[in-house]
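Next come the chains, spelled out residue by residue.
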Amino acid sequence: MNVDELVRDALRDQADGLPPAAPGFADRVLAVRLRRRSRRLATAAAAAVAVVAVAVAVPVLDSGKQDVRPSGGVEQTGITAHPDQSPPRDLIAAGRVALAAYYTTRNVEQSADRAVSERTYWLVNPGTKKYVKDDRWSYVAVAPGLRTAAVLERKLPVPRIGLLDLASGQVKRWVPVDRPVAGVEFSPDGRKLVATAYSKNPDRRVKIEGSQGWDAPFMESDRTGFHVIDVASGSSSWAGVELGGGAHNPDAFLNSRQDFGFTHDGRLAWSGMATEPGKKFYDFTGKEVPAPALERYRDWFVDAGVSPDGQLVAGQFAGRKWKTSSFVLDARTGKQREVRGQQLLAWADGNSLVAWDIGQDGNEYHQRLVLVTIGGEKTTPLSDFRSPKDNTKGRWEPVFAER
């Protein structure tokens, strides 16, 4: 079974009410498929990605509401759209968030049966407000204000984290870590950085028997824990987190990449898992703690997470009222409402979100970025449609940040 067939099956599953494929679409679909396979076989631990790009303490850029967009762009209050561009060339933004970067992936063969999935990034330049290719980095998280990014070098895991100036393209400071890392995220207040440590590259790939390509993440996790880093000083603490049985415990599956992130208030670290309860929360010493009240209904594979005011949580694919739609939940009660959008990616404000969605052709793989509103019937296009083909043909993945 190849990547397109896996994506097709996963989207059909979504239409039946099952969870949508997780972030980094092809990788996410593969992770969901592996999760089902591992449950049936009750064997090795599987994997999953939690890519997040949020905040760092840097000056906040002007919102861009008064910017003059190039020909083809659409300017509304709080919205900068380019429905004629895919992948985008010029800044796309809505409300509090902007498309800060995007990436494509490709599998680089290492041996006859092993490969590594590598990303290539295009990062926004805050001066020109255009996206510029930068192939030096394996992983990027962009800070609010669209001026600074945290970057990891190519050969994962790495012993240091770079703080990149997006205007000049130069790393202004390196933050060393004593255990190598392969994923990074900034806390909502920008004061801390959580870096997920691995003993081996979590983006390894293998060939499934009978397959023609690199169809699956490597079916084991080498995650060791996380660093919490003070951005200003560079000082850090270490939290070793056991895998909960790993390959020997069929009820505690982790994907090969299962990064840690921050909770909505930045006080805890958390991580998804492929079996119930679906996520775990930790203090900064690595001690497991109960789920915070506003995080109980959060799904690790839904990028948008908790709303800015903490009242709502972006949920899974619904597909009830419309062919492609998603749930939005009350953060305290879990009560569901349906909103347009195939995958909810980021909160533009407390009542609207940026999402992937399909067009009038009904092709479930032919998606564009749109702005959706809770209680609204229409969507506002933000980008042109991305190709329904694989990542080498233009299936770019977005990275959002506050602006």
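Data block above holds the structure.
Just so we're clear, the structure is a prediction, and the values are computed from it rather than from any experiment.

Student: Before we go on, may I ask you to explain the packing of aromatic side chains in this structure?
Tutor: Two aromatic rings are characterised by how far apart their centres lie and by the angle between their planes. Under the defined criterion, the tally for this structure stands at 11 aromatic pairs. Their ring planes at 55 degrees and their centres at 4.7 Å tell us that Phe226 and Phe260 sit as a pair that is tilted. Taken together, the positions of Phe226 in strand E14 (residues 223–230) and Phe260 in the loop between strand E15 (236–240) and strand E16 (261–262) put the pair 34 residues apart, joining distant regions of the chain. By relative accessible area, which is 2% here, Phe260 ends up buried. Taking 5.8 Å as the distance between ring centres and 15 degrees as the angle between the ring planes, the aromatic pair formed by Trp270 and Phe281 counts as stacked. Of this pair, Trp270 sits in strand E17 (residues 269–272) while Phe281 sits in strand E18 (residues 279–282), and the two are 11 residues apart along the sequence. By relative accessible area, Trp270 is classed as buried at 8%. Exposure remark for Phe281: the relative accessible area of 3% places this residue in the buried category. One aromatic cluster is present, built from ring pairs that chain together Tyr102, Trp122, Tyr131, Trp356 and Trp396.

Student: I tried to follow the nonpolar core on my own but got confused; where do I start?
Tutor: Soluble, globular proteins show a tendency: their nonpolar side chains are buried together. Val142, Ile161, Val184, Leu369 and Leu382 are the most contacted members of the largest nonpolar core, which has 57 residues in total. Considering every element that reaches this core, the biggest residue donor is strand E4 (residues 97–109), with seven residues. In this structure, Trp270, Phe281, Val328 and Trp347 belong to the second largest nonpolar core, which totals 17 residues.

Student: I tried to follow the sheet that holds strand E23 (residues 343–349) on my own but got confused; where do I start?
Tutor: The strands making up a sheet associate through backbone hydrogen bonding, with each pair oriented either parallel or antiparallel. Spatially, the four strands line up as an open sheet ordered E23-E24-E25-E26, and their pairing is antiparallel. Looking at which strands have only one partner, the edges of the open sheet turn out to be E23 and strand E26 (379–381). Ignoring strand direction, the axes of neighbouring strands in this sheet form an average angle of 35 degrees. Pairing between E23 and strand E24 (residues 352–358): five bridges, direction antiparallel. Across the sheet, the residue bridging to Gln343 is Trp356, located in E24.

Analysis parameters
- Residues numbered from 1 in each chain as written.
- Predicted model: local features only at pLDDT ≥ 70, side-chain atom pairs only at ≥ 80, totals over all residues.
- Heavy atoms only, no water.
- Phe/Tyr/Trp six-rings, centres within 6.5 Å; stacked < 30°, edge-to-face > 60°.
- Helix = DSSP H or I, 4+ residues; strand = E, 2+ residues; numbered from the N terminus.
- Buried < 20%, exposed > 50% of the residue type's maximum accessible area, 1.4 Å probe, protein only.
- Core = buried A, V, L, I, M, F, W, Y, C linked by side-chain atoms within 4.5 Å.
- Pairing = 2+ DSSP bridges.
- Axes fitted to C-alpha atoms, helices over the stretch in contact; angles between N-to-C directions.

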